[in-house]
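Single-letter residue listing:
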Amino acid sequence: DAKTTQPTSMDCAEGRAANLPCNHSTISGNEYVYWYRQIHSQGPQYIIHGLKNNETNEMASLIITEDRKSSTLILPHATLRDTAVYYCIVRVKNTGTASKLTFGTGTRLQVTL
Amino acid sequence: DVKVTQSSRYLVKRTGEKVFLECVQDMDHENMFWYRQDPGLGLRLIYFSYDVKMKEKGDIPEGYSVSREKKERFSLILESASTNQTSMYLCASSLWQGGTGELFFGEGSRLTVL
């Protein structure tokens with residue numbers, strides 16, 4: 001699975017959009033981009049994933065560049081409860097083959113009043 | 001609701017003790033994973049399993065072993081615990097094929113080795 005690079009930390013004011021970048025320049029054609037977040041003292045939670053098209057769900061939006069070498073997770077109206085560590089990983093979607101899934105250190109997002 | 005349950009949230013063990021961390025999932029997932037999480041190092045994969053009795057090494061398997069005798073249960077074993085194995089341990093599971101490919105995590109087991 002390709003490696004990813006994320007900023008160590010970011011701040012965002014409550015009510016504003018939080019834009020979390022991720023670089024994955026070695027991504028392969030069949031690898032998806034997945035985002036998870038981990039709130040203190042809990043296990044990571046899935047947010048969203050995508051291959052090449054932009055995706056949106058009730059939690060967030062995912063924007064993937066045309067060359068797929070980077071992506072941005074957007075939390076449109078951040079709240080204090082969005083304070084967490086956000087992980088971007090790239091991996092082949094379940095295809096019947098075993099693959100190890102490697103997380104990096106993620107981005108610590110601090111939402112402030 | 002889908003669920004991954006880890007047997008203990010907090011454990012305190014002594015150096016040299018044998019430690020078992022148990023993980024059970026109720027989603028009939030084929031894949032199961034053990035990670036450890038340390039400040040500044042993120043989540044690091046210890047072992048994973050894609051079927052009963054099958055296992056694969058992750059990035060940091062040294063000092064650990066695993067057991068998958070039943071599909072729903074994946075155990076992490078520290079044969080002789082050491083202080084550098086003090087950490088948060090996270091179990092996860094996912095489908096082998098289909099679905100979104102997402103991992104479902106347990107709440108974690110915080111192990112302290114004295």
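Preceding this paragraph is the structure being described.
Just so we're clear, the structure is a prediction, and the values are computed from it rather than from any experiment. (Residues numbered from 1 in each chain as written. Chains lettered and ligands numbered in written order. Predicted model: local features only at pLDDT ≥ 70, side-chain atom pairs only at ≥ 80, totals over all residues. Heavy atoms only, no water.)

(A) View of the side chain of His29(B). All names here are of chain B. Relative to the helices and strands, His29 is located in the loop between strand 3 (19-25) and strand 4 (31-38). When its relative accessible area of 4% is taken as the criterion, His29 is described as buried. In this structure the side chain of His29 is engaged in a polar contact, spanning 2.8 Å, whose partner is the side chain of Ser93. (Helix = DSSP H or I, 4+ residues; strand = E, 2+ residues; numbered from the N terminus. Buried < 20%, exposed > 50% of the residue type's maximum accessible area, 1.4 Å probe, protein only. Polar contact = N/O pair within 3.5 Å; in protein donor to acceptor, adjacent residues only side chain to side chain.)

(B) Representation of the state of the cysteines. Residue and element names in this part refer to chain A. Counted according to the given criterion, the structure contains two disulfides over all chains. Each sulfur in the disulfide pair Cys22 and Cys88 lies 2.1 Å from the other. Taking the sign of the S-S torsion, about -80 degrees here, the bridge from Cys22 to Cys88 comes out left-handed. You can see Cys22 sitting in strand 2 (residues 18-23) and its partner Cys88 sitting in strand 8 (residues 84-92), a full 66 residues away along the chain. Judged by its relative accessible area of 1%, Cys22 falls in the buried class. (Disulfide = S-S within 2.5 Å.)

(C) Highlighting the layout of surface pockets. Computed from the structure, the largest pocket encloses a volume of approximately 550 Å³. Residue lining of the largest pocket: 23 residues in total, with Gln38(A), Val85(A), Tyr87(A), Arg108(A) and Gln37(B) positioned closest to the centre. Listing elements by their share of the lining of the largest pocket, those giving two or more residues are strand 8 and strand 9 (107-112) of chain A together with strand 4 of chain B. Class assignment for the residues of the lining of the largest pocket results in eight nonpolar, twelve polar and three charged. (1 Å grid on protein atoms, 1.4 Å probe; cavity = no way out; pocket = protein on both sides within 12 Å on 5 of 7 lines; lining within 4 Å. Points joined across faces, edges and corners; volume = space filled by probe spheres on them. Nonpolar A, V, L, I, M, F, W, Y, C, P; charged D, E, K, R; others polar.)

(D) Broad picture of the packing of aromatic side chains. In the structure shown here, the tally under the stated rule is eight aromatic pairs over all chains. When the centroid spacing of 6.3 Å and the interplanar angle of 25 degrees are considered together, the rings of Phe33(B) and Tyr35(B) count as stacked. Of the residues examined, Phe33(B) reaches a relative accessible area of 1% and is grouped as buried. Three or more aromatic residues joined by ring pairs form one cluster here, namely Tyr32(A), Tyr34(A), Tyr36(A), Tyr46(A), Phe33(B), Tyr35(B), Phe48(B) and Phe105(B). Directly above the aromatic system of Tyr34(A) lies the positively charged group of Arg91(A), at a separation of 5.5 Å from the ring centroid. (Phe/Tyr/Trp six-rings, centres within 6.5 Å; stacked < 30°, edge-to-face > 60°. Lys NZ or Arg CZ within 6 Å of the ring centre and 35° of its normal.)

(E) Geometry of the environment of Thr4(A). All names here are of chain A. Tracing the backbone shows Thr4 in the segment before strand 1 (9-13). Separated by 75 residues in sequence, Thr4 and Thr79 place their C-alpha atoms 26 Å apart. Apart from the residues lying within four places of it in its own chain, the contact partners of Thr4 are Cys22, Asn23, His24, Cys88, Ile89 and Val90. A polar side-chain atom of Thr4 sits 2.9 Å from the main-chain carbonyl oxygen of Cys88. (Contact = heavy atoms within 4.5 Å.)

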